[in-house]
Amino acid sequence: MQDYVHFSRFLGTSKHNNLIAVFHRLNPSPVYLEYNTWTTFLRNCNDKKFINILRQKRLIIDSKQTDKNYFKAFKELIESNFRNSSILYLILTKQCNLECNYCFIRHSSKVDRDKLMKPSIAKLGIDVWARHISGGFNKNRQYFIIFYGGEPLLNLYTLQKALEYIQLCQNRHRLPRKNLNLVLATNGTLLNRKIAKLLKRYNIKVSIGLDGIKNVNDYYRKDSEGNGTFNRVIRAMTILRQEGVDIWISSALTPYSIRYNNRFINILERYKVDQFGFNILRGKTLPFLKRKTERYHYYKMASDFIVRFSRSSEISKIYERQIEERLRLFKEEKFCIIDCGGCTGQLVIHPNGDITNCPLVSRRIQNLTNTDSKFRIWDTSITKNWQKRLPLYNKRCTSCNAISICGGGCPWNVHSISRNIALRDNSICVLNNKVFEDWLWTKQRCNTNIYRP
Ligand code: SF4
Ligand code: SF4
């Protein structure tokens, strides 16, 4: 090998049959070649044309310092996004009318469980968030206010008051109008036509919990009397469709649904859902997982299922949220900065006015009633600590092929399982590596990009 050739430490490779893909881990736009051609190149490095290609992709560099400078600039660019807020959660209540076996809210939040958020707290929360995003809304950013629970429709009164107040703030230009998304995360069982009309009036998107076809959904999603929720949710979806409300589906992936949920696509098609996402179960609040399924095995099965399901749903142009987001990153050659809003400026307001950076964390950062006008959640030690665990600061992650689509997963999941927030989130590692390999070896991509000397 000629001694002036320095390979970047971000050079990643992946072998598949007789081909190898070579790419920059931070900005993968792969070049494919025969595996034998690659090994020959590594031995003598005398193919000038290929050297030029690798130089353009920053895979061959002048010196180690080139890599260091690039990585430093890259991190600074990423860090410039940390002082931003795009999500406000208002937890209207932690009460729920259902008793789904796997519910992590039910298992995690013991504080404040029976309280309903008062309208005055919702307004204060909106004011604090408005201060976080003041100084020019970013037209290219999507903002979200998420009404969350428990079951938020158990506190319809505060929901209505909050909606009126949001509209008032928009009229006074204190909140964005076009790119502000209002989302109700509900189990759907309390929805009726009157509520659907209200939701339509305020252009709220409804994110409904539905795990799959009837027997799959009703296996875990039950009310306190043990009755399944499927029929009630379908009735709610019918009403929402009739009233023209956007429907998002949020679907928990249980070991049971992974095995028996292939016909779920029919429901998504029939109700023309606008968005849907699978949720890999999190935390150690999953007693059935400990007993029946080894955790890593479950993550693998869940990831395989998501990718398989997404391939089949592509035909109907219904895209799974996580896959769609990762494909967008590949397409736009962008780097995923964070997976979890809690690492930047996400604001969560609990029913008693406590502020946290994640809906599942109950240890408050502050309470709204004693928050001064300078409070910004991204300046707090918890948010800064969570940032430190992002893949860019983890040596093992910087040598991971899937780092560009990662964002670090869910800190709460890691903490809940291991009590050590610095560890990686294995659920996301398995999914990302699966998605990355799948994308890398799509026939269409690798067949049209093969380098021949
Ligand atoms: S820690 Fe996990 S549950 Fe909490 S906001 Fe982040 S991704 Fe969501
Ligand atoms: S968390 Fe996992 S998938 Fe993400 S960059 Fe690190 S090793 Fe890769």
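Look above for the structure.
The present account deals with the structure reproduced in this document. Throughout, a residue's number is its position along its own chain's written sequence, starting from 1. Naming scheme: in the order in which they are written, chains are lettered from A and ligands are numbered from 1. For a predicted model such as this one, the threshold for reporting local features is a pLDDT of at least 70, and the threshold for listing and counting side-chain atom pairs is 80 or more; totals across whole chains, interfaces and linings nevertheless cover every residue.

**Considering the sheet that holds strand S14 (residues 366-367)**
- With mixed pairing, the nine strands of this open sheet are ordered in space as S11-S10-S9-S8-S7-S6-S12-S13-S14. Two strands lie at the open edges of the sheet, namely strand S11 (275-280) and S14, each paired on one side alone.
- Any two strands are treated as partners once DSSP identifies two or more bridges connecting them. Only DSSP runs of H or I reaching four residues or more are called helices, and only runs of E reaching two or more are called strands; each is numbered from the N terminus. Pairing between strand S10 (residues 247-253) and S11: six bridges, direction parallel. Across the sheet, residue Ile 249 finds its bridge partner in S11, namely Phe 276.

**A short note on the site of ligand 1**
- Taken together, Cys 340, Gly 341, Gly 342, Cys 358, Leu 360, Cys 410, Pro 411, Trp 412 and Asn 413 make up the full set of residues near ligand 1.
- Each residue is assigned to one class: nonpolar for Ala, Val, Leu, Ile, Met, Phe, Trp, Tyr, Cys and Pro, charged for Asp, Glu, Lys and Arg, and polar for all the others, Gly among them. Among the residues forming the shell around ligand 1, the class breakdown is six nonpolar, three polar and no charged. Using a C-beta atom placed from the backbone, a residue is described as near a molecule or strand when that atom lies within 6 Å of it.

**Concerning the pairing of strand S8 (residues 180-186)**
- Where strand S7 (residues 143-148) and S8 come together, five bridges link them in parallel fashion. The partner of Tyr 143 across the bridge, within S8, is Leu 180.
- In terms of handedness, the path from S7 via helix H6 (residues 156-171) over to S8 forms a crossover that is right-handed.
- Where S8 meets strand S9 (residues 204-209), five bridges bridge the pair, whose relative direction is parallel. Bridge assignment links Val 183 to a residue of S9, and that residue is Lys 205.
- With the strands aimed away from the viewer, a crossover counts as right-handed if its path from the first strand over the helix to the second runs clockwise. Where the polypeptide runs from S8 across helix H7 (residues 193-201) and back to S9, its parallel neighbour, the crossover connection is right-handed.

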